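# Examining the three-dimensional arrangement
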Amino acid sequence: MKNFAIIGVAGYIAPRHLRAIQATGNQLISTYDPHDSVGIIDSYFPEASFFTEQELFDRHNSKLRGTPKQLDYISVCSPNYLHDAHCRYAMRLGAEVICEKPLVLNPWNIDALQQIERETGHHVYNILQLRLHPSIIALHEKVQNGNPDKIYDVDLTYITSRGMWYYTSWKGDDRKSGGIATNIGVHFYDMLTWIFGSVQRNIVHIMSHDRCAGYLELKRARVRYFLSINAQLLPPNAVEGEKRTYRTINIDGEEFEFSVGFTELHNESYQHILKGEGFGLEEVRPCIEIVHDIRHSTPIGLKGDYHPLASQPLTPHPFYH
(Lines give C-alpha, C1' and ligand atoms only; values in the text may rest on other atoms or scores of the structure.)
Protein backbone atom coordinates (compact mmCIF):
# COMPACT_ATOMS: atom_id res chain seq x y z
CA MET A 1 0.00 0.00 0.00
CA LYS A 2 1.39 3.37 -1.07
CA ASN A 3 0.79 6.73 0.61
CA PHE A 4 -0.63 9.50 -1.56
CA ALA A 5 -1.32 13.21 -1.36
CA ILE A 6 -3.40 15.30 -3.79
CA ILE A 7 -2.75 18.91 -4.69
CA GLY A 8 -5.90 20.49 -6.13
CA VAL A 9 -8.41 18.17 -4.49
CA ALA A 10 -11.34 20.58 -5.00
CA GLY A 11 -10.88 20.61 -8.77
CA TYR A 12 -12.91 19.04 -11.56
CA ILE A 13 -10.49 16.19 -12.25
CA ALA A 14 -9.65 15.27 -8.65
CA PRO A 15 -12.49 12.72 -8.18
CA ARG A 16 -10.96 10.51 -10.85
CA HIS A 17 -7.72 10.50 -8.87
CA LEU A 18 -9.55 9.78 -5.61
CA ARG A 19 -11.23 6.79 -7.26
CA ALA A 20 -7.95 5.60 -8.78
CA ILE A 21 -6.07 5.76 -5.47
CA GLN A 22 -8.86 3.77 -3.82
CA ALA A 23 -9.24 1.29 -6.69
CA THR A 24 -5.53 0.47 -6.69
CA GLY A 25 -5.61 -0.34 -2.97
CA ASN A 26 -3.64 2.66 -1.73
CA GLN A 27 -4.33 5.32 0.89
CA LEU A 28 -4.68 9.09 0.78
CA ILE A 29 -2.78 10.79 3.59
CA SER A 30 -3.06 14.51 2.91
CA THR A 31 -4.74 16.93 0.51
CA TYR A 32 -4.46 20.59 -0.37
CA ASP A 33 -6.62 23.15 -2.15
CA PRO A 34 -7.19 26.88 -1.56
CA HIS A 35 -10.91 26.16 -1.92
CA ASP A 36 -12.67 24.15 0.78
CA SER A 37 -15.53 22.56 -1.22
CA VAL A 38 -13.98 19.13 -0.74
CA GLY A 39 -16.74 17.08 0.89
CA ILE A 40 -16.21 14.45 -1.81
CA ILE A 41 -13.18 13.28 0.20
CA ASP A 42 -15.64 11.67 2.63
CA SER A 43 -16.72 9.22 -0.07
CA TYR A 44 -13.19 7.89 -0.39
CA PHE A 45 -10.75 8.82 2.39
CA PRO A 46 -12.48 10.62 5.26
CA GLU A 47 -9.37 10.29 7.45
CA ALA A 48 -7.17 12.25 5.01
CA SER A 49 -5.83 15.56 6.27
CA PHE A 50 -6.92 18.66 4.35
CA PHE A 51 -5.23 22.05 4.11
CA THR A 52 -6.16 25.31 2.40
CA GLU A 53 -2.66 26.76 2.77
CA GLN A 54 0.42 25.42 0.98
CA GLU A 55 2.68 26.20 3.94
CA LEU A 56 0.67 24.07 6.36
CA PHE A 57 0.34 21.28 3.81
CA ASP A 58 4.11 21.30 3.38
CA ARG A 59 4.71 21.38 7.16
CA HIS A 60 2.42 18.38 7.65
CA ASN A 61 4.01 16.36 4.84
CA SER A 62 7.52 17.18 6.00
CA LYS A 63 6.74 15.94 9.51
CA LEU A 64 5.60 12.61 8.02
CA ARG A 65 9.04 11.86 6.58
CA GLY A 66 10.60 8.88 8.26
CA THR A 67 7.22 7.65 9.57
CA PRO A 68 4.87 4.93 8.22
CA LYS A 69 2.81 7.74 6.63
CA GLN A 70 5.65 9.24 4.60
CA LEU A 71 4.36 10.14 1.16
CA ASP A 72 5.26 7.90 -1.76
CA TYR A 73 3.27 9.77 -4.44
CA ILE A 74 1.78 13.22 -4.89
CA SER A 75 -0.98 13.62 -7.49
CA VAL A 76 -1.06 17.07 -9.08
CA CYS A 77 -4.57 18.21 -10.07
CA SER A 78 -4.00 21.96 -9.78
CA PRO A 79 -4.51 24.61 -12.52
CA ASN A 80 -2.28 24.07 -15.54
CA TYR A 81 0.12 26.95 -14.88
CA LEU A 82 0.94 25.54 -11.42
CA HIS A 83 1.80 22.00 -12.54
CA ASP A 84 5.48 22.78 -12.98
CA ALA A 85 5.83 24.28 -9.50
CA HIS A 86 3.88 21.49 -7.82
CA CYS A 87 5.86 18.76 -9.59
CA ARG A 88 9.05 20.42 -8.37
CA TYR A 89 7.70 20.57 -4.83
CA ALA A 90 6.66 16.92 -4.82
CA MET A 91 10.04 15.62 -6.01
CA ARG A 92 11.94 17.76 -3.54
CA LEU A 93 9.72 16.45 -0.77
CA GLY A 94 10.84 12.96 -1.74
CA ALA A 95 7.79 11.70 -3.63
CA GLU A 96 7.02 10.40 -7.09
CA VAL A 97 4.62 12.59 -9.08
CA ILE A 98 1.45 11.81 -11.02
CA CYS A 99 0.46 14.93 -12.93
CA GLU A 100 -2.67 15.75 -14.88
CA LYS A 101 -2.49 16.98 -18.44
CA PRO A 102 -1.05 19.25 -19.67
CA LEU A 103 2.10 18.42 -17.76
CA VAL A 104 3.50 21.92 -18.32
CA LEU A 105 2.81 24.84 -20.65
CA ASN A 106 6.23 25.20 -22.28
CA PRO A 107 8.76 22.68 -23.64
CA TRP A 108 11.64 24.17 -21.64
CA ASN A 109 9.77 23.42 -18.41
CA ILE A 110 10.33 19.74 -19.24
CA ASP A 111 14.10 20.31 -19.37
CA ALA A 112 14.05 21.88 -15.90
CA LEU A 113 11.95 19.05 -14.47
CA GLN A 114 14.40 16.52 -15.89
CA GLN A 115 17.17 18.27 -14.01
CA ILE A 116 15.23 17.96 -10.75
CA GLU A 117 14.59 14.29 -11.50
CA ARG A 118 18.36 13.81 -11.72
CA GLU A 119 18.94 15.77 -8.51
CA THR A 120 16.29 13.99 -6.43
CA GLY A 121 16.08 10.53 -7.96
CA HIS A 122 12.29 10.91 -8.21
CA HIS A 123 10.15 11.05 -11.34
CA VAL A 124 7.16 12.74 -12.94
CA TYR A 125 4.50 10.70 -14.72
CA ASN A 126 1.82 12.31 -16.86
CA ILE A 127 -1.76 11.11 -17.27
CA LEU A 128 -1.92 10.26 -20.99
CA GLN A 129 -4.94 8.05 -20.62
CA LEU A 130 -5.83 7.77 -24.31
CA ARG A 131 -2.76 5.59 -24.87
CA LEU A 132 -4.48 3.03 -22.63
CA HIS A 133 -7.84 3.00 -24.44
CA PRO A 134 -8.34 -0.44 -26.05
CA SER A 135 -9.63 0.99 -29.34
CA ILE A 136 -6.72 3.41 -29.61
CA ILE A 137 -4.20 0.70 -28.77
CA ALA A 138 -5.71 -1.39 -31.58
CA LEU A 139 -5.45 1.54 -34.00
CA HIS A 140 -1.83 2.13 -32.98
CA GLU A 141 -0.99 -1.50 -33.68
CA LYS A 142 -2.84 -1.43 -37.00
CA VAL A 143 -0.87 1.60 -38.19
CA GLN A 144 2.46 0.27 -36.90
CA ASN A 145 1.92 -3.09 -38.58
CA GLY A 146 0.49 -1.68 -41.81
CA ASN A 147 2.07 -0.26 -44.95
CA PRO A 148 4.88 2.01 -43.70
CA ASP A 149 4.48 4.29 -46.72
CA LYS A 150 0.76 4.91 -46.25
CA ILE A 151 -0.30 8.46 -45.32
CA TYR A 152 -3.66 8.63 -43.56
CA ASP A 153 -6.21 11.44 -43.86
CA VAL A 154 -7.61 12.25 -40.43
CA ASP A 155 -10.32 14.62 -39.19
CA LEU A 156 -10.45 15.17 -35.42
CA THR A 157 -13.50 16.90 -33.96
CA TYR A 158 -13.88 17.52 -30.24
CA ILE A 159 -16.58 19.76 -28.81
CA THR A 160 -17.00 19.73 -25.05
CA SER A 161 -19.44 22.46 -24.05
CA ARG A 162 -18.61 24.82 -21.20
CA GLY A 163 -20.79 27.46 -19.59
CA MET A 164 -20.16 31.11 -18.80
CA TRP A 165 -18.22 30.18 -15.65
CA TYR A 166 -15.35 29.00 -17.86
CA TYR A 167 -14.34 32.53 -18.84
CA THR A 168 -14.27 33.75 -15.24
CA SER A 169 -12.19 30.79 -14.05
CA TRP A 170 -8.47 30.26 -14.61
CA LYS A 171 -9.37 28.08 -17.59
CA GLY A 172 -10.53 31.15 -19.50
CA ASP A 173 -7.17 32.86 -18.98
CA ASP A 174 -4.75 31.70 -21.69
CA ARG A 175 -1.79 32.63 -19.49
CA LYS A 176 -2.96 30.10 -16.90
CA SER A 177 -4.60 27.36 -18.99
CA GLY A 178 -2.66 27.68 -22.24
CA GLY A 179 -5.86 28.28 -24.21
CA ILE A 180 -8.36 25.95 -25.85
CA ALA A 181 -5.84 23.73 -27.67
CA THR A 182 -3.81 23.16 -24.52
CA ASN A 183 -6.64 22.83 -22.04
CA ILE A 184 -8.90 20.41 -23.90
CA GLY A 185 -6.74 19.15 -26.76
CA VAL A 186 -3.29 18.22 -25.48
CA HIS A 187 -4.09 14.52 -24.91
CA PHE A 188 -5.53 14.26 -28.43
CA TYR A 189 -2.31 15.63 -29.90
CA ASP A 190 -0.39 13.10 -27.81
CA MET A 191 -2.59 10.31 -29.13
CA LEU A 192 -2.16 11.41 -32.75
CA THR A 193 1.63 11.65 -32.59
CA TRP A 194 1.81 8.32 -30.72
CA ILE A 195 -0.11 6.67 -33.55
CA PHE A 196 1.02 8.59 -36.64
CA GLY A 197 4.46 9.92 -35.79
CA SER A 198 6.22 13.24 -35.38
CA VAL A 199 5.07 16.67 -36.58
CA GLN A 200 6.26 17.92 -39.95
CA ARG A 201 4.02 21.02 -40.20
CA ASN A 202 1.77 22.82 -37.73
CA ILE A 203 -0.70 25.34 -39.19
CA VAL A 204 -3.42 27.19 -37.26
CA HIS A 205 -6.46 28.35 -39.23
CA ILE A 206 -8.77 29.72 -36.54
CA MET A 207 -8.11 30.52 -32.88
CA SER A 208 -10.50 32.34 -30.56
CA HIS A 209 -11.86 32.27 -27.02
CA ASP A 210 -14.08 29.26 -27.74
CA ARG A 211 -12.41 27.27 -30.56
CA CYS A 212 -9.21 26.30 -32.30
CA ALA A 213 -8.89 24.76 -35.76
CA GLY A 214 -5.81 23.83 -37.71
CA TYR A 215 -3.79 21.35 -39.71
CA LEU A 216 -1.06 19.00 -38.52
CA GLU A 217 1.10 17.16 -40.98
CA LEU A 218 2.48 14.14 -39.18
CA LYS A 219 4.94 11.56 -40.43
CA ARG A 220 2.11 9.24 -41.44
CA ALA A 221 -1.03 11.40 -41.40
CA ARG A 222 -2.59 14.63 -42.60
CA VAL A 223 -4.74 15.85 -39.70
CA ARG A 224 -7.45 18.50 -39.77
CA TYR A 225 -8.68 19.28 -36.27
CA PHE A 226 -11.42 21.33 -34.66
CA LEU A 227 -11.69 21.86 -30.90
CA SER A 228 -14.36 23.93 -29.19
CA ILE A 229 -16.18 24.60 -25.91
CA ASN A 230 -19.16 26.23 -27.68
CA ALA A 231 -22.35 24.20 -27.24
CA GLN A 232 -23.93 25.91 -30.26
CA LEU A 233 -21.60 23.88 -32.49
CA LEU A 234 -22.73 20.49 -31.18
CA PRO A 235 -24.53 18.16 -33.59
CA PRO A 236 -28.05 17.07 -32.51
CA ASN A 237 -26.91 13.62 -31.31
CA ALA A 238 -24.02 14.87 -29.17
CA VAL A 239 -25.37 14.26 -25.67
CA GLU A 240 -23.28 12.08 -23.36
CA GLY A 241 -24.94 11.60 -19.99
CA GLU A 242 -25.30 14.96 -18.30
CA LYS A 243 -22.65 16.62 -20.47
CA ARG A 244 -22.97 17.81 -24.01
CA THR A 245 -19.89 16.38 -25.62
CA TYR A 246 -18.98 15.28 -29.13
CA ARG A 247 -15.73 13.57 -30.02
CA THR A 248 -14.95 11.80 -33.25
CA ILE A 249 -12.02 10.85 -35.42
CA ASN A 250 -12.54 10.15 -39.10
CA ILE A 251 -9.72 8.17 -40.71
CA ASP A 252 -9.73 7.83 -44.50
CA GLY A 253 -13.49 8.41 -44.54
CA GLU A 254 -14.24 5.87 -41.82
CA GLU A 255 -15.52 6.85 -38.40
CA PHE A 256 -13.29 5.72 -35.53
CA GLU A 257 -15.28 5.24 -32.34
CA PHE A 258 -13.65 5.57 -28.91
CA SER A 259 -16.23 7.36 -26.76
CA VAL A 260 -17.02 4.35 -24.57
CA GLY A 261 -14.65 4.14 -21.61
CA PHE A 262 -13.07 7.50 -22.38
CA THR A 263 -13.51 8.87 -18.85
CA GLU A 264 -12.68 5.65 -16.97
CA LEU A 265 -8.98 5.35 -17.73
CA HIS A 266 -7.43 6.93 -14.65
CA ASN A 267 -7.53 3.62 -12.78
CA GLU A 268 -5.58 2.04 -15.65
CA SER A 269 -3.14 4.95 -15.61
CA TYR A 270 -2.46 4.50 -11.90
CA GLN A 271 -1.98 0.76 -12.31
CA HIS A 272 0.60 1.32 -15.04
CA ILE A 273 2.46 3.95 -13.02
CA LEU A 274 2.53 1.78 -9.89
CA LYS A 275 3.98 -1.06 -11.97
CA GLY A 276 6.77 1.24 -13.22
CA GLU A 277 5.21 1.66 -16.67
CA GLY A 278 4.12 5.30 -16.49
CA PHE A 279 4.62 7.91 -19.22
CA GLY A 280 7.60 10.07 -18.35
CA LEU A 281 8.83 13.49 -19.33
CA GLU A 282 10.30 12.66 -22.74
CA GLU A 283 7.14 10.89 -23.82
CA VAL A 284 5.05 13.99 -23.13
CA ARG A 285 7.39 16.42 -24.91
CA PRO A 286 5.88 16.16 -28.45
CA CYS A 287 2.36 17.16 -27.41
CA ILE A 288 3.66 20.03 -25.25
CA GLU A 289 5.66 21.31 -28.23
CA ILE A 290 2.55 21.12 -30.41
CA VAL A 291 0.31 23.14 -28.09
CA HIS A 292 3.08 25.64 -27.39
CA ASP A 293 3.53 26.22 -31.13
CA ILE A 294 -0.24 26.52 -31.66
CA ARG A 295 -0.49 29.05 -28.85
CA HIS A 296 2.22 31.21 -30.40
CA SER A 297 1.08 30.88 -34.02
CA THR A 298 -0.65 33.52 -36.11
CA PRO A 299 -3.85 32.02 -37.58
CA ILE A 300 -3.90 32.14 -41.37
CA GLY A 301 -7.69 32.04 -41.73
CA LEU A 302 -9.68 29.82 -44.06
CA LYS A 303 -6.87 28.95 -46.43
CA GLY A 304 -5.58 25.58 -47.57
CA ASP A 305 -6.86 22.32 -46.14
CA TYR A 306 -8.99 23.31 -43.14
CA HIS A 307 -11.55 21.42 -41.04
CA PRO A 308 -15.14 21.92 -42.29
CA LEU A 309 -16.29 23.32 -38.94
CA ALA A 310 -13.62 26.02 -39.09
CA SER A 311 -15.96 28.02 -41.35
CA GLN A 312 -18.66 28.28 -38.66
CA PRO A 313 -19.34 31.94 -37.72
CA LEU A 314 -17.31 33.16 -34.77
CA THR A 315 -19.23 34.16 -31.64
CA PRO A 316 -18.49 37.27 -29.56
CA HIS A 317 -16.47 36.84 -26.40
CA PRO A 318 -19.01 36.90 -23.53
CA PHE A 319 -16.91 39.41 -21.59
CA TYR A 320 -17.05 41.98 -24.37
CA HIS A 321 -20.43 41.34 -26.01
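Cut-offs used in this document
Residues numbered from 1 in each chain as written. Predicted model: local features only at pLDDT ≥ 70, side-chain atom pairs only at ≥ 80, totals over all residues. Heavy atoms only, no water. Helix = DSSP H or I, 4+ residues; strand = E, 2+ residues; numbered from the N terminus. Expected span 1.5 Å × (residues − 1). Contact = heavy atoms within 4.5 Å. Core = buried A, V, L, I, M, F, W, Y, C linked by side-chain atoms within 4.5 Å. Buried < 20%, exposed > 50% of the residue type's maximum accessible area, 1.4 Å probe, protein only. Domains from an automatic or database assignment. Pairing = 2+ DSSP bridges. Axes fitted to C-alpha atoms, helices over the stretch in contact; angles between N-to-C directions. UniProt positions renumbered as here; feature names shortened; annotations may be inferred. Salt bridge = Lys/Arg side-chain N within 4 Å of Asp/Glu carboxyl O.

The name given to the chain in an unreviewed UniProt entry is Oxidoreductase, NAD-binding domain protein, with Porphyromonas endodontalis as the source organism.

Another point: helix 5 (residues 134–145). For helix 5, with twelve residues, the first-to-last C-alpha span of 16 Å sits near the 16 Å given by 1.5 Å per residue. Buried residues in helix 5 make contact with strand 7 (152–160), helix 8 (180–196), strand 11 (245–251) and strand 12 (254–256).

Turning our attention to the nonpolar core. Ile74, Val154, Tyr189, Phe196, Tyr225 and Leu227 are the most contacted members of the largest nonpolar core, which has 67 residues in total. At ten residues, helix 8 tops the list of elements feeding residues into this core. No fewer than three residues from each of domain 1 (3–126) and domain 2 (130–260 + 281–311) sit in this core. Those residues in contact with Ile74 that lie beyond four places of it in its chain are Ala5, Ile7, Tyr89, Ala90, Leu93, Ala95, Glu96, Val97 and Ile98. The next biggest cluster of nonpolar side chains, apart from the first, holds 20 residues, and it includes Ala20, Leu28, Tyr125 and Ile127.

Right, let's get into the sheet that holds strand 11. With mixed pairing, six strands are arranged side by side in an open sheet as 8-9-10-7-11-12. Bordering the open sheet on either side are strand 8 (199–207) and strand 12, each of which pairs with just one other strand. In this sheet, adjacent strand axes meet at a mean angle of 20° when their direction is disregarded. Sheet topology places strand 11 next to strand 12; three bridges connect them, and they run antiparallel. Within strand 12, the position partnered with Asn250 by the bridge is Glu255.

Further remarks concern the UniProt feature "domain: Gfo/Idh/MocA-like oxidoreductase N-terminal" (unreviewed entry) in the chain. The sites that UniProt annotates as "domain: Gfo/Idh/MocA-like oxidoreductase N-terminal" (unreviewed entry) are residues 3–124. The span residues 3–124 carries 37% helix and 19% strand; its end-to-end C-alpha distance comes to 16 Å.

Next up on the list: the pattern of salt bridges. This model, assessed by the stated rule, comprises twelve salt bridges. Asp153 serves as the salt-bridge partner of Arg222, at 2.8 Å between the closest nitrogen and oxygen. Remark: Asp153 occurs in strand 7 and Arg222 occurs in strand 10 (residues 221–228); sequence separation between them is 69 residues. For Asp305, the salt bridge identified is with Arg224, shortest N-O distance 3.2 Å. Taken together, the residues Asp305 in the segment after helix 10 (281–295) and Arg224 in strand 10 connect sequence positions 81 residues apart. Judged by its relative accessible area of 39%, Asp305 is partly exposed. One connected set of salt bridges, linked through shared partners, spans Asp111, Glu282 and Arg285.

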